[in-house]
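Each chain, letter by letter, is given below.
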Amino acid sequence: MLNETLLIDDLAMLSSAQMLGRKTGTVGSYKAKSFIQSRFKKIGLAHFPEYSEFLQKFPYPKDFSDNQGFNIVGWLKGTHYEQKYIVVTAHYDHLGAKGSHIYYGADDNASGVAALLAVAAKVSELGLAHSVIFLATDAEEKGLYGAKAFIKNIPVNKNAILLNINLDMLGEGGRRNRLYASFSRGDEQLAEFVKNVADTAGLCLISGHRKSQNFRQFEKKINWRKASDHAVFSNIDIPYIFLGGGVHKRYHTSKDNFENINQKFYVTAAETAWLILQAADSYQ
Ligand SMILES: [Zn+2]
């Protein structure tokens, strides 16, 4: 299915010490940005006219002043529904470093970005019926600012966006070694195809919306609907599917590093993201 070697290499690169934890506005973040840009180019993604070199520069508030963030946005034209878009998102920013203490953010969220790249390569190779936008967001950790900036200046008609698939933390699987999919409430068709993917995926993919039985025990810890960039899409009524392993003991610590990634789980999780996108391609 996906190119596993490249997937792991991209994850290793994005979570390496030279990226310094990818905190928005830092040298490490700029390195990550350049790396993702070069991968977008290599994969053959197109850029929107307003976002040359795939960059969407945006201001976000921090310490009572304006700071700059950079989203990386590319897309691939659909073979049948050129004017309808699925948006795949993953945030590339993380917490940075304090002195020599680096928050590598391998799971959060180098894992989602590397998966996004692997999926983009697959779409580029095989083509999908719908157009697909690939969006690596910045300043997620600070308040979903990258996703908000994208929505504020969507490069296509808002109504032309069918779905957001958001990837955040695919590399550990938490205590239970599970990948969770949560999605917009009350959308029967979404529920149906997520369930179909769950049934065929080689790991425990729990489908359901926030109030489902399976999620109840986690609700105290995580508000799944608001947990990451998909919340911004959800707020303007764009359906979403959020894929992630959930929080774990290394979450937001310097031990969230490449060595602690469960590679077998991760490859399966990334391939599940690809299965979800393929299923979404038949979503009307
Ligand atoms: Zn995250």
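With an unreviewed UniProt entry as reference, the chain is termed Peptidase M28 domain-containing protein, source organism Paraglaciecola arctica BSs20135.

From N to C terminus, the chain includes 8 helices and 10 strands. Projected onto its principal axes, the C-alpha positions of the chain cover 50 × 45 × 40 Å. For the chain, the proportion of its 284 residues judged to be buried stands at 58%. Here the analysis covers contacts within the chain between residues at least 6 apart in sequence; of these, 78% occur between residues at least 24 apart. As displayed, the chain offers around 12100 Å² of accessible surface, 48% of which is attributable to carbon and sulfur atoms. Taking the average location of the 33 positive side-chain charges in the chain and that of its 28 negative ones, the two points are 6 Å from each other.

The next subject is the coordination of the zinc ion. Those protein atoms acting as donors to the zinc ion are H91 (NE2), D108 (OD), D168 (OD) and D168 (OD), and they sit at 2.1 to 2.6 Å. Positions of the donor residues of the zinc ion, expressed as sequence spacing, correspond to H-x16-D-x59-D. Note that D108 is positioned in helix 3 (residues 106-126) and D168 in the loop between strand 7 (161-167) and strand 8 (179-183), a separation of 60 residues in sequence.

This part covers the packing of aromatic side chains. Evaluated as defined, the whole model comprises 7 aromatic pairs. In textbook terms, an aromatic cluster arises when at least three aromatic residues are bridged by ring pairs, as seen for F48, W75 and Y85. Between the NZ or CZ atom of K33 and the centre of the ring of F70, over which it lies, the distance is 4.7 Å.

What follows covers the confidence of the model for the chain. Per-chain confidence: the chain averages 90 in pLDDT, with 92% of residues scoring 70 or above. Within the model, the stretch residues 208-220 combines pLDDT values under 50 with 28 contacts to residues more than four positions away or in other chains.

Contact pair helix 3 / helix 8 (residues 263-281): the axes reach a minimum separation of 10 Å and the direction vectors enclose 50°. Judged on the interaxial angle alone, helix 8 and helix 3 are oblique. For the element pair helix 3 and helix 8, the recorded crossing hand is right-handed. Residues A110, S111, A114, A115, V119, K122, V123 and L126 of helix 3 pack against Y266, A270, A273, W274 and L277 of helix 8. Here the residues of the contact of helix 3 with helix 8 sort into 11 nonpolar, 1 polar and 1 charged.

What follows covers the environment of A12. Turning to its location among the elements, A12 is positioned in helix 1 (residues 4-14). When the C-alpha atoms of A12 and N257 are compared, they prove to be 9.0 Å apart, with 245 residues separating the residues in sequence.

A separate point is the pattern of salt bridges. Counted by the stated rule, this structure contains 3 salt bridges. A salt bridge links R39 to D10; its shortest N-O distance comes to 2.9 Å. Here R39 is found in helix 2 (residues 27-43), whereas its partner D10 is found in helix 1, with 29 residues between them in sequence. Here the two residues R39 and D10 agree in accessibility, since each one is buried. For the salt bridge of E125 with K122, the shortest nitrogen-to-oxygen distance reads 3.5 Å. Taken together, the positions of E125 and K122, both in helix 3 and 3 residues apart, correspond to about one turn of that helix.

The rules behind each value
- Every chain is numbered independently, its residues counted from 1 as its sequence is written.
- Since the coordinates come from a predicted model, pLDDT governs what is reported: local features require at least 70, and pairs of side-chain atoms require 80 or more to be given and counted, while whole-chain, interface and lining totals use all residues.
- The side-chain figures draw on all heavy atoms in the structure; neither hydrogens nor water molecules are used.
- Strands here are runs of E lasting at least two residues and helices are runs of H or I lasting at least four, both read from the DSSP assignment and numbered beginning at the N terminus.
- Only protein chains enter the calculation, and the probe is 1.4 Å; a residue is then buried if its accessible area is under 20% of its type maximum, exposed if over 50%, and partly exposed in between.
- We call two residues in contact when some of their heavy atoms are within 4.5 Å.
- Per-residue accessibility takes into account occlusion by the displayed protein chains alone, with areas from the Shrake-Rupley method and a 1.4 Å probe.
- His is not counted, nor are the chain ends, whereas Lys and Arg count as positive and Asp and Glu as negative.
- Here the site of a charge means atom NZ of a Lys, CZ of an Arg, CG of an Asp or CD of a Glu.
- Donor atoms are limited to N, O and S found within 2.8 Å of the metal ion, a distance that becomes 3.2 Å for Na, K and Ca. With water left out, some sites might look partial.
- Pairing of aromatic rings covers Phe, Tyr and Trp, the last counted by its six-membered ring, and requires centre-to-centre distances within 6.5 Å; plane angles under 30 degrees mean stacked, over 60 mean edge-to-face, and any other angle means tilted.
- Put simply, a charge is over a ring when the Lys NZ or the Arg CZ is close to the ring centre, within 6 Å, and near the line of the ring normal, within 35 degrees.
- One confidence number per residue, pLDDT, is output by the predictor and ranges from 0 to 100.
- Comment: axis = line fitted to C-alpha atoms, over the contacting stretch for helices; angle = value between 0 and 180 degrees taken between N-to-C directions.
- Each angle gets one of four labels, with under 35 degrees taken as roughly parallel, over 145 as roughly antiparallel, 65 to 115 as roughly perpendicular, and the rest as oblique.
- Should the near helix be turned anticlockwise from the far one by less than a right angle, the crossing is termed left-handed; should it be turned clockwise, right-handed.
- Note that Gly is not counted as nonpolar here; it falls among the polar residues with everything else outside the nonpolar set of Ala, Val, Leu, Ile, Met, Phe, Trp, Tyr, Cys and Pro and the charged set of Asp, Glu, Lys and Arg.
- By salt bridge we mean one thing: a side-chain nitrogen of Lys or Arg within 4 Å of a carboxyl oxygen of Asp or Glu.

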